[in-house]
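Tertiary structure, described
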Amino acid sequence: MADVVQPSRPFARALGLMAVAVLGAWLGLLVLGTARAPVGPMDTSMTLRPSLTGGTRIDVAPLGDLELNSHYAPLRLDVDVDRLDPVRSRELVAHPERFAGLQAEVTHDVTRGALGLALRSCAAVTCGAAALSLAVHRRPRRALAAGGLALALLTASAATAYATWNPKSVLEPKFSGLLSSAPSVVGNARSIVSEFHVYQEELARLVTNVTKLYDAASTLPVYQPDPTTLRVLHVSDIHLNPAGWRIIASLVAQYRIDVIIDTGDTMDHGSAAENRFLDPVSTLGAPYVWVRGNHDSRTTQKYLTGRRHVTVLDNGRVTRVAGVRIAGVGDPQFTPDRSVVAAGDPAERTAGGRLADALRTQRLAGTPVDIALAHNPVAATEADGLVPLALAGHLHHRERITLPQGTRLMVEGSTGGGGLRAVQNTRPAPVQASVLYLDRRTKRLQAWDEITLGGLGLSRAEVSRHLPHENRPGATPAPRPAGTPSDRPR
């Protein structure tokens, strides 16, 4: 019987070469395809990424993202603002007349940066595709073919982007994060034309404020806590400021936090469109316990419920995280803007009463709660005498008081610096958070650090250590609240 000759499969080989070239080109862009370039007062990183829709994304940390429908091609241009150069920024603020030439300067810088990115991307896709093909096929000729194919694909994509380039896309940007409210601060395109001097002043303030925020964040002190204590990070009132997540993640790493407690107002309007802002909570490096604030909707709460490493507390629900029993109640009022009339303190006391009932139930069951949570301090005061420590927010400034029956109430300031209000107000709110140190055995508060960044427009950064009165040298131990656990382990 004659031997059967297997037909060649050029289509399969071509398809395999194409797959290797595309994957290798993508890996090459990831590893080697970033070009750094100064653009006006900013230092930026430019990268090409595979995309089905094209366009341009500009990340202005910590304010958010700006998306432009600049082109249609299988490549997206990502521009990350790494930092604002303090020298160049102050020169602009000191000499407002230079704004007149800023557009030409930025255009020149972007063109030069794009040219550098193009050359770097060509080298990246060629090397990436050739290297991957050589690793897979072990044939130099196929590696050269894969590199050439990747370069051809990049060239075709660039040609498509050039052919569909839309310079007017800057007039219809899509904002996210704090930038979603930017038009209300600096005006829309029409008002910018008619009131350009006002726009200049606001832009100058924005440049200065963000520069100061970077300066403050870069000088955040480092502290090495006692490893025998439980460390609780208390944050509140982030108000849609993405800088809050970066600060929290930094504090979690620096202080080796065991649990993060957020006492609400994470959002500004509680809309479903804001939900993506909450995605980093699962990646902060510690369990996250949250109660609803008056700017957080039930939609917000539902989105957070069930996410990894997140515990949502409401109606007095109790959880145990890192050995600490925590109970909380969500704010009964949803007031995303001034058009909604608040129900006032009676509604808060009613919600606090539900929290108090849950605390009494836990105490009678022999499992007393260590920390009670509410967004509004009025609700938190209802836990007096039933728990040693109550945490709240809402006021955008710190308050530390001992309630009549012995419960310590700690009200945190705004970890988001008041959100967009930090850009608008004459006196910007500071960025505040606190690290609470609890005895691992008794869960009693031993000390706390108050961390304060000066907020937008200020460069101060400080950490101050505080001790409860009963922990100071020579102090008489304070009487325990009725709900306080004994010193025995549990």
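None of these values were measured; they are calculated from a predicted model.

Comments concerning the overall build of the chain
For the chain, the count of helices and strands is 12 helices and 19 strands. Evaluated residue by residue, the chain yields a buried proportion of 48% over its 490 residues. In the chain, 64% of the contacts between residues at least 6 apart in sequence involve partners at least 24 apart. As displayed, the chain offers around 23900 Å² of accessible surface, 59% of which is attributable to carbon and sulfur atoms.

Here we look at the pattern of salt bridges
Considering all chains together, one arrives at 12 salt bridges under this definition. Close ionic contact of Glu450 with Arg398 constitutes a salt bridge, the shortest N to O distance being 3.9 Å. One end of the pair, Glu450, is in strand E18 (residues 445–453); the other, Arg398, is in the loop between strand E14 (389–392) and strand E15 (399–402), and 52 residues separate them in sequence. Since its relative accessible area comes to 12%, Glu450 is described here as buried. One salt bridge in this structure joins Glu450 and Arg400, with 3.2 Å as the shortest N-O distance. Here Arg400 lies in strand E15 and Glu450 lies in strand E18, a separation of 50 residues in the sequence. Through salt bridges with shared partners, one network takes in Arg57, Arg76, Asp78 and Asp80.

Some points on a nonpolar patch on the surface
A cluster of nonpolar side chains, namely Leu23, Trp26, Leu27, Leu30, Val31 and Leu32, defines an oily patch on the protein surface of about 530 Å² accessible area. Here Leu30 is to be found in helix H1 (residues 10–32).

Describing the packing of aromatic side chains
Enumeration according to the criterion identifies two aromatic pairs in this entry. Pairing Trp245 with Phe277 gives two aromatic rings, centres 5.3 Å apart and planes at 40°, and the pair type is tilted. Of the two residues, Trp245 is situated in helix H8 (residues 243–255) and Phe277 in the loop between strand E8 (259–262) and strand E9 (288–290); the sequence distance between them amounts to 32 residues. Grouping residues by exposure puts Trp245 and Phe277 together as buried. Following the ring pairs from residue to residue traces out a cluster consisting of Trp245, Phe277 and Tyr288.

About the thresholds
Residues numbered from 1 in each chain as written. Predicted model: local features only at pLDDT ≥ 70, side-chain atom pairs only at ≥ 80, totals over all residues. Heavy atoms only, no water. Helix = DSSP H or I, 4+ residues; strand = E, 2+ residues; numbered from the N terminus. Buried < 20%, exposed > 50% of the residue type's maximum accessible area, 1.4 Å probe, protein only. Contact = heavy atoms within 4.5 Å. Areas by Shrake-Rupley, 256 points an atom, 1.4 Å probe, with all protein chains shown as cover. Salt bridge = Lys/Arg side-chain N within 4 Å of Asp/Glu carboxyl O. Patch = residues over 30% accessible without salt bridge, like charges linked within 9 Å, V, L, I, M, F, W, Y side chains within 5 Å. Phe/Tyr/Trp six-rings, centres within 6.5 Å; stacked < 30°, edge-to-face > 60°.

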